Amino acid sequence: MRSRFPILALGAVLGLSLALPAAAQNPQRHEWIHPPSNLPKSGHGGPSIKLDTLFEALKIAPDEDSAKAIEERIWTVWVVSSSDTTNLLMSRVKAATDDKDYDLALKLLGAVIAINPKYVEAWNQRATIYYLKDDYGHALADIREVLALEPRHFGAWSGLGLILQDIGDDKHALEAYRKALAIDPHLEHIPDVVKTLTEKVEGRDI
């Protein structure tokens, strides 16, 4: 089942001017959430079954170290493809991104999506690149694709909140951040952002 919020929120937001410089309105914003650089090896079992188990474990993780280990395994399922071609192209995407050659990264990601449109991390990475280029319209469109494929993608929900916050839609940004935390209560920095936005949007408790 597709989540209705991102489609509704994105539809409203896409009508706004999205060519604002990142952090123009929110100098204290957090950074986009990225996959860890050193991911654990992928285990056995189907991806959907594995993810269901991992997300259940994530919500009841007893401490931050346990939560981080579970997060890394979730990212492994999302990032590591069964296609050698996809993995090779994604390694080149990372190299291009590290070199800040964003146009090359976008071309490579377009190729990945063309051959494997259900590979969620290609959409997520492309949304990230578009965000780095201040192209919020395309970033939001790709986030919508990520959440259609994987509604539990806490990185995409956080990215959605980041963009909405940057363009001044604090109310929907708060909703997106809360959704991310409901999925992964251990995300770094997001609780502080939620606290700040809650006070701004809903006011302080008396």
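Residues numbered from 1 in each chain as written. Predicted model: local features only at pLDDT ≥ 70, side-chain atom pairs only at ≥ 80, totals over all residues. Heavy atoms only, no water.

Novice: Can you break down the packing of aromatic side chains residue by residue, with the values?
Specialist: One pass over the full model with this rule turns up six aromatic pairs. On the basis of an interplanar angle of 90° and a centroid distance of 5.7 Å, the ring pair of W75 and F154 is categorised as edge-to-face. Of this pair, W75 sits in helix α3 (residues 64-79) while F154 is found in helix α8 (residues 154-166), placing the two residues 79 residues apart along the sequence. For the pair formed by W75 and F154, the shared burial category is buried. For the pair W78 and F154, a centre-to-centre distance of 5.3 Å together with 50° between the ring planes defines the contact as tilted. Of this pair, W78 sits in helix α3 while F154 sits in helix α8, placing them 76 residues apart in sequence. Since its relative accessible area comes to 0%, F154 is described here as buried. Following the ring pairs from residue to residue traces out a cluster consisting of F55, W75, W78 and F154. (Phe/Tyr/Trp six-rings, centres within 6.5 Å; stacked < 30°, edge-to-face > 60°. Helix = DSSP H or I, 4+ residues; strand = E, 2+ residues; numbered from the N terminus. Buried < 20%, exposed > 50% of the residue type's maximum accessible area, 1.4 Å probe, protein only.)

Novice: Residues and numbers for the packing of α3 against helix α6 (residues 120-132), please.
Specialist: Two quantities define a packed helix pair, namely the angle between the axes and the distance from one axis to the other. It is at 7 Å that the axes of α3 and α6 come closest, and there the two elements cross at 100°. Of the possible angle classes, the one that applies to α3 and α6 is roughly perpendicular. Counted together, W75, W78 and V79 of α3 and V120, E121 and N124 of α6 form the full contact between these two elements. Of the residues contributing to the contact of α3 with α6, the split by class is four nonpolar, one polar and one charged. (Axes fitted to C-alpha atoms, helices over the stretch in contact; angles between N-to-C directions. Parallel < 35°, antiparallel > 145°, perpendicular 65-115°, else oblique. Contact = heavy atoms within 4.5 Å. Nonpolar A, V, L, I, M, F, W, Y, C, P; charged D, E, K, R; others polar.)

Novice: Would you mind going over the packing of helix α9 (residues 170-183) against helix α10 (residues 190-202) in detail, with residue names and values included?
Specialist: Taken N-terminus to C-terminus, the directions of α9 and α10 make an angle of 145°; their axes are 9 Å apart at the nearest point. Classified by chirality, the crossing of α10 by α9 is left-handed. Contacts between α9 and α10 involve D170, K171, A173, L174, Y177, R178 and L181 from the first element and I190, P191, V193, V194, L197, T198, K200, V201 and E202 from the second. Here the contact of α9 with α10 is composed, by residue class, of 10 nonpolar, one polar and five charged. (Left-handed = near helix turned anticlockwise from the far one by under 90°.)

Novice: Please set out helix α5 (residues 102-115) residue by residue, giving values where relevant.
Specialist: In this model α5 runs 20 Å from its N-terminal to its C-terminal C-alpha over 14 residues, within 8% of the 20 Å that 1.5 Å per residue would give. Of all the positions in α5, only Y102, A105, L106, L108, L109, V112 and I113 are classed as buried. The buried side chains of α5 occupy one side of the element, clustering within an arc of 165° when seen end-on. Every exposed residue of α5 that faces more than 90 degrees away from the buried side is listed here: K107, A114 and I115. In the core, the buried residues of α5 are packed alongside α4 (84-98) and α6. (Expected span 1.5 Å × (residues − 1). Arc of directions from axis to C-beta.)

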